[in-house]
Number of protein chains: 2
Amino acid sequence: MSVTAPQGFRAAGVAAGLKSTGARDLALVVNDGPLDVAAAVFTANRVQAAPVQWSRQAVADGRARAVVLNSGGANACTGPEGFADTHRTAEHLAARLDVSAQDVLVCSTGLIGERLPMGPLLEGADAASAALATGDEAGLDAARAIMTTDTVHKTASTTTPSGAVVGGMAKGAGMLAPQLATMLVVITTDAVVDAATARGALAEATAHTFDRVDSDACMSTNDTVILLASGASGVTLDRDELTAGVREVAATLARALVADAEGASHDVHVVVRSASSEDAALAVAREIARSNLVKAAIFGNDPNWGRIVAAAGCVPEHVAPFDPEHLSVRVNGVEVCRDGGVGEDRSLVDMTPRETLIEVDLAAGDAAGDIWTNDLTHDYVEENSAYSS
Amino acid sequence: MSVTAPQGFRAAGVAAGLKSTGARDLALVVNDGPLDVAAAVFTANRVQAAPVQWSRQAVADGRARAVVLNSGGANACTGPEGFADTHRTAEHLAARLDVSAQDVLVCSTGLIGERLPMGPLLEGADAASAALATGDEAGLDAARAIMTTDTVHKTASTTTPSGAVVGGMAKGAGMLAPQLATMLVVITTDAVVDAATARGALAEATAHTFDRVDSDACMSTNDTVILLASGASGVTLDRDELTAGVREVAATLARALVADAEGASHDVHVVVRSASSEDAALAVAREIARSNLVKAAIFGNDPNWGRIVAAAGCVPEHVAPFDPEHLSVRVNGVEVCRDGGVGEDRSLVDMTPRETLIEVDLAAGDAAGDIWTNDLTHDYVEENSAYSS
């Protein structure tokens, strides 16, 4: 039920000594083909870690044979030397796997501004190569090796109507990650697809899943989502079926990221409806999801609709046209704000469930959009202030 | 040294019973002229409280005789009834002061979504009218009456080179205000100026002071800054001298807002230099000032330049063109990041002072801009979650 669920993939997760804890910290995923189709999306942050710079150009040709991922160091803001380290890692594994370095993608997560210990890392890469295997255990080992502040490993898989399999793994502990909540995802499939189809399917799937998780509005320098297709099932998928399969796995993994934001006491789902456009709905949902006052109120089990309405009001009219006088807000099903004013009795709202549902009706059209976030808690402040880095 | 510092102004601050504590909660400032010039700027939030809606149109003609301000209730999201309450307050005081209701501006701060108790409020208005007086004490009473979570009243005054006086008072406790940090400011001057000059001077002064305080990126539904000119000094000021005087008072009051963010353990001054434009500098400074990860790191006395650089990288290139490879960051004088990479030893940074200075050099031009904010602390979360509202 992980990256090794589809046919044609081997994986491994080993302890290279990058983490002081001695836990697994280096993962390897290899596509044995027959196809070597690959697509990827990267962080929109203009400050991009060396592995992001490397993988972006390596995957440009739509092909990749392997992905090596390490925790214990982000290799970001490390200059030309940091890029050389990434390049060297790819070259080293390429020789081991008898593929081109250009077909080895690299992902890193951990502290920013520090070089990676290349000795242990390359030895770990050798160990991972030797440990490559098919089957669930290997996939789970890989998923465990990319964990940082994650409390659980995150995997998912599904079988499409036509019988192709899509699997995946992810790391990221939402708002709690002391290092900008780096999100690393590898999704695999044994479907027969071409690079353009894979690229389109991944873009569409991420736009509706990972792009809608906004734990603390901070974009990482290392975020990467990779899709590999082996074609080993012999099942050809069209764009729609591939997209649906990838989206299902991506949605499961994205939800797992939010659920693992441990310092959080609530997973918050902000749904904006009756908007003039999907972009307008997402802009309002994101503004609410990023409001510290809204997030802190939810931590306090306070259905504070005034803060929700005020956050919505911060979105410029040209971005999201709506009349504040006609705005309504439901919190966990109770319409606490109606037509911009007091609605049902807020004391009717049960805030005790882990999931808080905020539904905003803009009365401005028929488009909708949603964002997942977490509440703002003492543990968030603790995790992000107590640990020097 | 407050709104009564300039000639031609009387003020009062009384306890109307709007606050359960019995503390002063209603302030009145009257301009006895001879001039009744007025200008005001209001929150950019599209959700605007009744008093903001009223005062915006009342001051449109550039004239006002009085400002009544209450704490203990924001009168926001209260519908037509809430607007009627504000209108009634203005009418009531107008009769008392023998002026037109259109010349009475109204400001409110407190809970959103609740009607004001009009009985006590109007009685308080009568008491305030009776208590109107010139001199420091009256001005201080008014400043005390608009406090909410403020721990100290905030006043300032200055004398311009030509001898006109500018005074002011403000309320707002920065990031700690459980109700969106409503900021109410009244600035007075006995200078002889016309409405257009007053409007221009106020806009320019606020753009460089209050607009650059960003405690938690949450815009209030009630924020109001009012400038009243009595002309009582007989001293005529040109636009530049008036702007300088108003800006000096506004800067003092704005700095006081940041300093009173009690839950905060640091006042953070983000200065961005070598930008392609002032707007670009402000966009980068604001993104850094709004990063929860940066703010939490500062609370932890961690000069985490990686988070600062990553926050800067979140600003779109078309908004702020710069090359991340040439970006440098100084924290309290130590260049911890040079050319986008590791700079001086971060352990050299002394984070113990209350004020943290973050200086970012974009190496993209010669424009600069700055934003004041606070760190993200346990007390912020506590203040904004523990108090239901």
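Going by what an unreviewed UniProt entry lists, chain A is known as Arginine biosynthesis bifunctional protein ArgJ and is assigned to Brachybacterium huguangmaarense. For chain A, the Subcellular location (unreviewed entry) comment in UniProt is given as "Cytoplasm". The record held by UniProt for chain A lists under Subunit (unreviewed entry) the comment "Heterotetramer of two alpha and two beta chains."

Draft legend 1. Summary view of the environment of N301 of chain A. Residues and elements named next belong to chain A. Tracing the backbone through its elements, the reader meets N301 in the loop between helix 8 (292-299) and helix 9 (305-312). Expressed as a C-alpha distance, the spacing of N301 and T356, which sit 55 residues apart in the sequence, is 9.4 Å. There is a polar contact of 3.0 Å between the side chain of N301 and the side chain of H266.

Draft legend 2. Layout of the interface of chain A and chain B. The partner chain B presents 55 residues to the 55 residues of chain A that form the contact. At the junction of chain A and chain B, the tally comes to 0 salt bridges. Counting only elements with at least two residues in the side of chain A that touches chain B, the list comes to helix 8, helix 9, strand 13 (341-342) and helix 10 (378-386) of chain A. With 6 residues, helix 10 of chain A is the largest single contributor of residues to the side of chain A that touches chain B. Class assignment of the residues belonging to the side of chain A that touches chain B gives a composition of 28 nonpolar, 19 polar and 8 charged.

Draft legend 3. Structural detail: the sheet that holds strand 7 (residues 165-171) of chain A. Residues and elements named next belong to chain A. What the 5 strands build is an open sheet, ordered 3-9-8-7-6; its pairing is mixed. Each edge of the open sheet is held by one strand with a lone partner, namely strand 3 (37-42) and strand 6 (154-159). Taking each pair of neighbouring strands and ignoring which way they run, the sheet shows an average axis angle of 10 degrees. Pairing analysis gives 6 bridges linking strand 8 (residues 184-189) to strand 9 (residues 224-229), with the strands arranged parallel. When the bridges of strand 9 are listed, L184 appears paired with T224. Running at roughly 30 degrees to strand 3, helix 5 (residues 195-207) makes contact with strand 3 and strand 9 of the sheet.

Definitions and cut-offs
Every chain is numbered independently, its residues counted from 1 as its sequence is written. To read the labels, note that chains go from A and ligands from 1, taken in the order they are written. Where local features are concerned, this predicted model is filtered to residues with pLDDT of at least 70; where side-chain atom pairs are given and counted, the filter is 80 or more; whole-chain, interface and lining totals use all residues. As a rule here, side-chain values cover all heavy atoms of the structure and leave hydrogens and water aside. UniProt positions are given in the numbering used here, feature names are shortened, and annotations may be inferred rather than shown by experiment. Only DSSP runs of H or I covering at least 4 residues are called helices, and only runs of E covering at least 2 are called strands; the numbering of each starts at the N terminus. Think of a polar contact as two N or O atoms within 3.5 Å of one another; within protein, one of them needs to be a possible hydrogen donor and the other a possible acceptor, and neighboring residues in sequence only count if both atoms come from side chains. Residues are treated as being in contact if the distance between any of their heavy atoms lies within 4.5 Å. We define a salt bridge as a contact between a side-chain nitrogen of Lys or Arg and a carboxyl oxygen of Asp or Glu at a distance within 4 Å. Side-chain classes are defined by residue name, with Ala, Val, Leu, Ile, Met, Phe, Trp, Tyr, Cys and Pro counting as nonpolar, Asp, Glu, Lys and Arg as charged, and the others, Gly among them, as polar. Pairing between strands is defined by DSSP: at least two bridges between the two strands are required. Axis geometry follows a simple rule: fit a line to the C-alpha atoms, using only the stretch in contact for helices, then measure angles between N-to-C directions, giving values from 0 to 180 degrees.

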